[in-house]
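In case you want the letters, here they are:
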Amino acid sequence: PRTPACSPCRGRRTTRRLLGSLGRGFAGVWSADSLPPFLAGAAATAGASFADEAVRDAVADPGSPIGKGGQVAGGAAVTYTVAAGLFVAGRLSDRSRFRAATYDIACATVVNQVYTHAVKLAVGRERPNGEDGRTNSAFPSGHAANAFAWAAVLERHYGWKGAVPAYAVASVIGLSRVQENKHWLSDVVGGAALGYLSGRAVVRVNGAPAAADGGGPRIGIAPLLG
């Protein structure tokens, strides 16, 4: 009879697997498959930069409940806590698609955060409100990057049923940052592009599911001539 694996052994295997997935996710962002969305995101960010001041003047309202809600919902503390909770729930679940989605959300959160902070340090753009607490950390928007990374993962696992609400929430969170006068529009668009790239790359390297048909088993029938 086979001896049951000990809990520490399972823990070590899970840790090794997670570290391997993170490594593949970091590298996956730089793959040729990421080039088209990267170019599209770069073009959209450049175009949005011409409307930065006009959009800020039109929607800025630091006292808005939408802006406050988006700031909390997309913040790092909430993002990390929910991602960790989903990861644990996924390990305890017997639903394969939920397990895979929560695993990818955790990986995408880490990959996206590292790249977001690296770009912030490299660019050093000042926030539109001149906030002194986090000097020169405007580009890209971390809130938008987190939200769109999650949306990209949910889209790949759950198809349009996951994509529509996820991208709607991500868009509200992103625009709330402009309303709060914490970011320029181009910061939000750049963050959205980076988050999408991170989430998309993580799902791809971990094995993209068949979301279009619900992710269940499929049977194919084809003629064989010979």
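Everything here concerns the structure above.
Residues numbered from 1 in each chain as written. Predicted model: local features only at pLDDT ≥ 70, side-chain atom pairs only at ≥ 80, totals over all residues. Heavy atoms only, no water.

Some words on the overall build of the chain
What the chain contains, in helices and strands, is nine helices and zero strands. Reading the chain from its N terminus to its C terminus gives the helix and strand order α-α-α-α-α-α-α-α-α. Put simply, the chain has 226 residues, and 41% of those count as buried. Here the contacts in the chain between residues at least 6 apart in sequence split such that 76% fall between residues at least 24 apart. When the accessible area of the chain is evaluated, it comes to approximately 12200 Å², of which 66% is carbon and sulfur surface. (Helix = DSSP H or I, 4+ residues; strand = E, 2+ residues; numbered from the N terminus. Buried < 20%, exposed > 50% of the residue type's maximum accessible area, 1.4 Å probe, protein only. Contact = heavy atoms within 4.5 Å. Areas by Shrake-Rupley, 256 points an atom, 1.4 Å probe, with all protein chains shown as cover.)

Points about helix 5 (residues 76–92)
Taking 1.5 Å as the rise per residue, helix 5 with 17 residues should run 24 Å; its terminal C-alpha atoms sit 24 Å apart, in good agreement. Burial in helix 5 covers these residues: Thr79, Ala83, Phe87 and Gly90. Along the axis of helix 5, the buried positions cluster into a sector of 70°, meaning they face one direction only. Across from the buried face of helix 5, at angles greater than 90 degrees, the exposed residues are Ala77, Thr81 and Leu92. (Expected span 1.5 Å × (residues − 1). Arc of directions from axis to C-beta.)

A short note on the packing of aromatic side chains
Summed over all chains, the structure comprises four aromatic pairs. Relative to Tyr115, the ring of Phe26 has its centre 5.6 Å away and its plane inclined at 65°; by these criteria the two rings are edge-to-face. Of this pair, Phe26 sits in helix 1 (residues 7–28) while Tyr115 sits in helix 6 (residues 96–123), placing them 89 residues apart in sequence. Relative accessible area serves as the criterion here: at 22%, Phe26 is assigned to the partly exposed category. Residues Trp30 and Tyr115 carry aromatic rings whose centres are separated by 6.4 Å and whose planes lie at 65° to one another, so their mutual orientation is edge-to-face. With Trp30 in the loop between helix 1 and helix 2 (35–49) and Tyr115 in helix 6, this pair connects stretches of sequence that are 85 residues apart. The exposure class assigned to Trp30 is exposed, which follows from its relative accessible area of 68%. Residue classification places Tyr115 among the buried positions, given a relative accessible area of 17%. (Phe/Tyr/Trp six-rings, centres within 6.5 Å; stacked < 30°, edge-to-face > 60°.)

So, the pattern of salt bridges
Under the criterion given, the structure shown has five salt bridges. Residue Asp52 pairs with Arg125 through a salt bridge whose shortest N-O separation is 2.9 Å. Residue Asp52 is located in helix 3 (residues 52–59), and its partner Arg125 is located in the loop between helix 6 and helix 7 (142–158); the two are separated by 73 residues in the primary sequence. Classification of Asp52 as buried rests on a relative accessible area of 5%. Take Arg125: its relative accessible area is 25%, and that puts it in the partly exposed class. Put simply, Arg56 and Asp57 hold a salt bridge, and the shortest N to O gap is 3.0 Å. Several salt bridges share partner residues, and in doing so they unite Asp33, Arg200 and Arg204 into one network. (Salt bridge = Lys/Arg side-chain N within 4 Å of Asp/Glu carboxyl O.)

Quick word on helix 9 (residues 185–206)
Since the α-helix packs 3.6 residues into each turn, any two residues three or four apart lie on the same face. In this model, helix 9 (22 residues) spans 32 Å end to end at C-alpha, consistent with the 32 Å of a helix rising 1.5 Å per residue. For helix 9, the buried fraction is high: 17 of the 22 residues fall into the buried class. A positive phi of about 105° marks Gly207, the residue just after helix 9.

Thoughts on the packing of helix 6 against helix 9
Viewed as axis vectors pointing N to C, helix 6 and helix 9 meet at an angle of 140°, and their least axial separation amounts to 9 Å. With respect to each other, helix 6 and helix 9 are oriented oblique. At the point where helix 6 passes helix 9, the crossing takes the right-handed sense. For the pair helix 6 and helix 9, contact is made by Tyr103, Asp104, Cys107, Ala108, Val111, Asn112, Tyr115, Thr116 and Val119 and by Leu194, Gly195, Ser198, Gly199, Val202, Val203 and Asn206, respectively. Looking at the contact of helix 6 with helix 9, its residues break down into nine nonpolar, six polar and one charged. (Axes fitted to C-alpha atoms, helices over the stretch in contact; angles between N-to-C directions. Parallel < 35°, antiparallel > 145°, perpendicular 65-115°, else oblique. Left-handed = near helix turned anticlockwise from the far one by under 90°. Nonpolar A, V, L, I, M, F, W, Y, C, P; charged D, E, K, R; others polar.)

Structural notes on a nonpolar patch on the surface
A cluster of nonpolar side chains, namely Leu35, Phe38 and Leu39, defines an oily patch on the protein surface of about 300 Å² accessible area. Looking at the secondary structure, you find Leu39 in helix 2. (Patch = residues over 30% accessible without salt bridge, like charges linked within 9 Å, V, L, I, M, F, W, Y side chains within 5 Å.)

The quantities given are spatial measurements derived from coordinates; they are silent on function.
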